Amino acid sequence: TPYFTIDGTPYFTIDGTPYFTIDETGTIKSVNMFFNMRTLAWVNFTVLASFTDSLSLVAAVATVNVNIINLNAFPTQILGTNIVSVDDSFTIGTVIGRVIAQDNDSISRLSYTLSIQYNLIAVDASNGNITVSQKIDYLSITSSLSCTPPPGQKCLTFIVSVKDLTSGERTSMSQILYIVSIQNHPPVFTQPLYNTSILENVTVGYTLTFNPSIIATQVDYGSNPMLSIQASQNISEFLIGPYNGIITVEKRLDYETRSVYSFNITAANALNYTGTATVVIQLLNVNDGTPTFDYPVYNASISEGASNGTIVAMPRATDTDIGTYGQVKYSIIAGNSQNTFRIDSVYGTIYLNGPLNWVNTPTYNITVLASDMGTPPSFSTAFVVVSVLPVNNHAPYLTNNSYYGHVYGPPVINTSVWEAGSTNPLKITVADLDVQATNTILFLGSNSLPFNVNPTTGVVYITTNASYLQGTYSFSVIARDDTNLYSQFATVYILVDAFNKPTFLSQYSASVPELALPGYLLTTVSAANGINSSQVQYTITNIFPTVAGNPFFINHSTGAIHTTRNLPAAAAFLHYDVVVMAVSTIYSSLYDQTTVPVQVMPAILLSANLSENQAPPAFIVSLVQNFAFSPSSYAVIQNSSSFYVNDSTGSLFALVSFNYEAPPTTFNFIVQARNATASRGQNISVTVYIDNVNDEPPVFAQSWFNGSVSELAPVGYRVLSVYASNTYPQQPVVYSILTPEVPFAINNATGDITVGAANVLNYDQPSIKPRFYVLNVSATNGRLATCSVYIRVLDANDNSPTFNLSNFGVYYLSNSLQNGSIAFRVYAYDIDSGLNALITYSIVSSNPPVCGTLFSINVTTGDMVVTSPLPQSLIGQTCSFVVQAQDKGVPPLASQVVVQAIFSNNNLYAPVFTNNSCCGFVLQYSPAGTSVMQLSATDPDPHVIVYTAVGGNLTYFNVTKDGLVQVAQGAVLGPSTWPVFTLLVVATDYGTPSLSSLPYTVTITLIDVDYLRPVFSRGAYNTSVRESTPVGSVLVTTMATNRDIYPNSGVVYWFAKNSEGQTDYGKFSIRNDTGDILLSSELSVKQRQFYRLIVLAGDGRWPPTNATVNIRVLGSNTHAPTFTNLPNMTSLPEDTGDGTFVYQAKGYDPDLGANGRYYFSIVKSDISSTFRIDRDTGRIYVNGSNNFDYESGNIVWVISIMATDEAGTDNQTLTNDPGWPAVPVADPTDKSRSSVEYLTIDITDINDNAPTFVLVNTSAYYTYLLQDTFVPDEGLFVFMVAAIDIDKPGTPYSEVEFTLLSGGDDYFE
């Protein structure tokens, strides 16, 4: 009502709201609309009163406040059908789910109850949490009729009622489906024992067959459980399929090592419940062993006269098999000519079975076969070499029927007669086919003859000193062995002739340079005699008592005089007189003597310097000196490989470049200067010093150095040292830091790196000062070297904790805080690191003191925790606390701060998420709307909390305002999506003012459902492999991918049988985890050039996928050519001419292509000039004429023949097959191989030499007869002529017959 009126009723008008109207009576009415206290709690507007309907004159103004009063207007809503899953291992009180309900009234108080009671579960009336209320027994549970469980599971249904207990109570019902998991019984094998048997020689990868098959079942899952099967013990010989129980052979088996395998296998389900069974595998014996001899060759000997039955040898062979397969029998298969030997088939003992003849067969090479009793049998061979020992059953024989000798000069008793035309003693030689016979030579001449024969050695010697002997003498000899068997007779002819005394041909003198090398030639003396100047021997007869040992020696045959050591030029040794004697080698009493004066020429000492690294030839010095003669030539007689002197100018050069850092650096050698006639010489002792030059930079001990330093280190603190070695000491190393503006200094001489400035290191401000420095440090000696130095700055406790308080240290607390709740948090930080930044909190004091009894502080987090109910008397009051934050550095540093807590009834706290809201799980391909998890936040203030997703993977998930996380519409949770998702969620209360939590990270893990099976990257893998590839090499890697998520993403690989029924051919193996295919046995391109393997990949659930692996085997040069007909022997007559065919070498090489093609060559160059070989056919020919002369002694030629293959010459490339990589036919790494064998060629004699008369210094024989000499009827011996034929002795070619051609037919014969 207005305060006054003038002429009637005032007009009323509402200003500022669309929700209300006013009539002329002043009655305020609401517009026809629905109010919701959640969105509109009150309405403020203004009412205007005026005297007219015009507002130009306002009489009064009133403000109206309309409060919206809460009513229980909305029913409680259940959010979806709740499904929970339980395992019978859950304990009482385990939360298995939560009923989510929503009430749109602004004030609601919900209560949850079970409408149907079960003893197994309970529901929390205040929050809807469903918990286990008693121990679950899966077998005692009967599924409800109103639900159909999945196979192998059980389910229960129950009703949960939700009531709103505010005024106008409302009730909602929710049906809950309760599922019990099956994972509670262990797997069971179909039988406790599985037996099978296999041959011991099955290949690696062979699959064992059991009847019945090894199968484990899981009663909880039905007939198709997800089980893993493995051996309980480590059985390395077999591999068990982890999902199918298939057992395959992993390693080579051996019946003789182990014949029975017994082990347990275990099947485990997803909860690791296990069941066991026993597997027994019996190996069946096969004949896989081969008899093996103890030795490849046995050596034996037997007397030529041994009787039959004598044991010759006992070869033994053993077989690793057991039983019949291990029994060995023996036989002789080769080398037993005329059945001379027999062998015991059981024990292998070899006996003599026939007569022996050493002459015909001195050696037998017997081949013995050892075989076992298998079918077919296995066998091996050994060689028995039998040497026949001869017995004495042959007469000796003289090698010649005639022997010829000479005596020069007066005979000397007991001296040897010389062979005619030689200086060798005349010797009667005897031979005997009996190698052990002892032969004696018998002299059959007259005792008056001045000669005899040594019966043992056969040497003919003189028996008298009579000087009258002259002319020709003859006598007969014969040989007898120790069994009194005699040889044929032979005649010995001896010619006695005069001899002259040796005489030196000249006077001799010599000079020798000082320091000349031992062996220096002084001069050569020569003496001759009247018969043969070569029959003289030279000796030095005097000694030099002042010198240790004789400084000279003479060649006894040539007369060359040499030095035995360096000769000094000291005054006492400047001159030597060497006395030389020439003695007749025929008659030692005849000799001549001469003196050879020797002058020692003092050596000249000279030194010179040469800088290192000079390019050769480098001039060093001129050796022209003040010699006592005029040198015409120079020569280095030591270290000739390193130095050279110009033989005419005397300039000395270095022939190599020297390195001072590679000793030696000093060289001593002798240069010899000689005159034109070489009669005078002088030595120069030269010393060359190699001078060091600065050619190498310093070398750091390592390429980088590490160090660390505290951020508080003072100036000059040594951090580390660097060191570089120096090969040029004349220039010391100088160290420097090349990196600019670093807080470090370096000692230029020592390399010590120190802190260079104060307060420049700071670990705590990495954006301003680095925590890690990299220095570039140099070392120079005129040449530069660098290295890297890494220095880490270490944290020091130089910062106290710093408080960072919200609300400036003033906290408004609700008096409704409960014991154990966090009132507020005091937070401090420390910019140090490690223990220096680890902070502990404590309350130092409180005011008033009663406040200290209400709170405690978490020493780690700084949370102020309520420990006692807050008294109403403190509402509006302030509690002050002194809080200390202290780090754990040494020494510790601390800070204190004053915080205040003010108690009131206002909305003081923002919601805080509970820890159990962090994580959730969802199955792959879950449909939209699937509930993932329930978020939970608490607020000490009694306000409703709503939830909002503010970030993360919102394409896949959303969050209801009640905190239920669900799969979003259109989201596809397949294996290609992320395995882990995140959401950022904020909880907001409805207090005044409204407060929100910090964003909370929710992690959702995608649980894989094994929907996919492995898929190979390609259907076929093609690879080429050399036959020389080592066993164990990876040939190709097959790869199958499984897009499922762990643990369903695993892949297992194995071989399957191909169209040939083969898995791995015994040549290959596969790694089950990686798909790598390995070579397990050697390949041979001759045996097989192509393999096809089938590889399976499975994950244990789905049928496996397969891929084909094609392996092509390429040749390698694995064999050297071998000869099939060498070594061997042949013969040639000594007159063989150029181009004559000698022999054809034949070979064999099992390799293919160029690796198997080979050519021939003769190894030795001297042989190749006499013989040549066709490189392709191996035919050997004589190269040239007049190569052979039996009489020269070259009667045996040994040719070394090499066969070399042509590996590496084939440049073709295999590119004909699509899908195969191009590879060369020949292995680029192959090297040619070769072998060498020998051909022995005996040169046979022919009659190519006529007899030669034995004449001494004359062309005719001379003798005389006295006139009227009486000639008896039987004739008178006048003279004997001698002739020699040098063709092979003992053959008709060397036997000489004499015929009188002319001049005396009537008088002589």
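All of the points below concern the structure found in this document. (Residues numbered from 1 in each chain as written. Predicted model: local features only at pLDDT ≥ 70, side-chain atom pairs only at ≥ 80, totals over all residues. Heavy atoms only, no water.)

**Let's talk about the state of the cysteines**
To be explicit about the condition: For the purposes of this analysis, a disulfide is any pair of cysteine sulfur atoms at a distance within 2.5 Å. Under the DSSP-based scheme used, a helix requires at least four consecutive residues in state H or I and a strand at least two consecutive residues in state E, with every element numbered from the N terminus. We call a residue buried when its accessible area falls under 20% of the maximum for its residue type, exposed when it is over 50%, and partly exposed in between, using a 1.4 Å probe and counting protein chains only.
This model, assessed by the stated rule, comprises 1 disulfide. Paired by a disulfide, Cys-851 and Cys-879 hold their sulfur atoms 1.8 Å apart. One quick way to see it: the torsion about the S-S bond of Cys-851 and Cys-879 is about -70°, and its sign makes the bridge left-handed. Taken together, the residues Cys-851 in the loop between β70 (839-847) and β71 (855-857) and Cys-879 in strand β73 (residues 878-887) connect sequence positions 28 residues apart. In terms of burial, Cys-851 and Cys-879 fall into one category: buried.

**Here we look at unusual backbone geometry**
Here the bond from Asn-211 into Pro-212 is cis, since omega is 5°, no more than 30 degrees from zero. Inspection of the secondary structure puts Pro-212 in the loop between β16 (193-199) and β17 (216-217). Between Pro-663 and the following residue, Pro-664, the backbone shows a cis peptide bond with an omega angle of 10°. Within the fold, Pro-664 resides in the loop between β54 (651-654) and β55 (666-674). Phi at Asn-613 is positive, roughly 70°, even though this residue is not glycine. The backbone of Asn-759 sits at a positive phi, close to 60°, despite the residue not being glycine. Tracing the backbone shows Asn-759 in the loop between β63 (752-755) and β64 (772-780).

**A few points about the pattern of salt bridges**
Threshold: We define a salt bridge as a side-chain nitrogen of Lys or Arg found within 4 Å of a carboxyl oxygen belonging to Asp or Glu.
Taken as a whole, this structure holds 7 salt bridges when the rule is applied. One salt bridge in this structure joins Asp-752 and Arg-718, with 3.6 Å as the shortest N-O distance. One end of the pair, Asp-752, is in strand β63; the other, Arg-718, is in strand β59 (residues 718-721), and 34 residues separate them in sequence. On the accessibility criterion, Asp-752 (23% relative accessible area) is partly exposed. Taking relative accessible area as the criterion, Arg-718 reaches 45% and is therefore assigned partly exposed.

**Considering the side chain of Thr-367**
What counts is decided by this rule: Here a residue-residue contact requires only that any non-hydrogen atoms of the pair lie within 4.5 Å.
Position of Thr-367 among the secondary structure elements: in strand β30 (residues 363-372). According to the relative accessible area criterion, Thr-367 is buried, its value standing at 13%. Once residues lying within four places of it in the same chain are set aside, the contact partners of Thr-367 are Ser-331, Ile-332, Ile-333, Ala-334, Thr-381, Ala-382 and Phe-383.

**Examining the pairing of strand β81 (residues 964-967)**
To keep it simple, the criterion reads: A pair of strands is treated as paired once DSSP finds two or more bridges between them.
Burial of β81 is two-sided: the residues Leu-964 and Gln-966 facing one way and the residues Val-965 and Val-967 facing the other way are all buried. For strand β77 (residues 931-934) and β81, the ladder comprises 3 bridges, and the chain directions are antiparallel. Note that in β81 the partner of Gln-934 across the bridge is Leu-964. Between strand β80 (residues 957-959) and β81, which follow one another and run antiparallel, lie 4 residues, and Gly-963 among them has a positive phi close to 90°.

**Quick look at the side chain of Glu-612**
We count it as follows: Positive charge is attributed to Lys and Arg, negative charge to Asp and Glu, and no charge count is given to His or to the chain ends. What qualifies as a polar contact is a pair of N or O atoms within 3.5 Å, subject to a donor-acceptor requirement within protein and to the restriction that residues adjacent in sequence count only when both atoms come from side chains.
Assignment of secondary structure puts Glu-612 in the loop between β50 (604-611) and β51 (618-622). Of the side chains with opposite charge, Arg-783 lies nearest to the buried Glu-612, which makes no salt bridge, at 8.7 Å. One polar contact links the side chain of Glu-612 to the main-chain amide nitrogen of Tyr-660, over a distance of 2.8 Å. Filtering out sequence-adjacent residues up to four positions away, Glu-612 remains in contact with Phe-658, Asn-659, Tyr-660, Glu-661, Ile-690, Asp-691, Asn-692, Val-693 and Asp-695.

**A look at the environment of Val-709**
Within the secondary structure, Val-709 sits in strand β58 (residues 704-710). C-alpha of Val-709 to C-alpha of Leu-720: the two residues are 11 residues apart in sequence and 9.2 Å apart in space. For Val-709, the contacting residues outside a window of four places in its chain are Tyr-717, Val-719, Phe-744, Val-755, Leu-761, Ile-791, Arg-792, Val-793 and Leu-794.

**Some words on the packing of aromatic side chains**
To be explicit about the condition: When two rings of Phe, Tyr or Trp (its six-membered ring) have centres within 6.5 Å they constitute a pair, described as stacked for plane angles under 30 degrees, edge-to-face for angles over 60, and tilted for the intermediate range. Any Lys NZ or Arg CZ that is within 6 Å of a ring centre and within 35 degrees of that ring's normal is treated as a charge sitting over the ring.
All chains considered together, the criterion is met by 39 aromatic pairs. Taken together, a centroid distance of 6.4 Å and an interplanar angle of 70° make the contact between Phe-293 and Tyr-298 edge-to-face. As far as burial versus exposure is concerned, Phe-293 and Tyr-298 are alike and both buried. Considering the side-chain rings of Tyr-956 and Phe-981, the 5.2 Å spacing of their centres and the 50° angle between planes classify their relative orientation as tilted. One end of the pair, Tyr-956, is in the loop between β79 (945-952) and β80; the other, Phe-981, is in strand β82 (residues 980-989), and 25 residues separate them in sequence. Of the residues examined, Tyr-956 reaches a relative accessible area of 17% and is grouped as buried. In textbook terms, an aromatic cluster arises when at least three aromatic residues are bridged by ring pairs, as seen for Phe-293, Tyr-295, Tyr-298 and Tyr-330. Sitting over the face of the ring of Tyr-763, Arg-771 holds its NZ or CZ atom 3.9 Å from the ring centroid. Taking NZ or CZ as reference, Arg-1179 lies 4.0 Å from the ring centre of Phe-1141, over its face.

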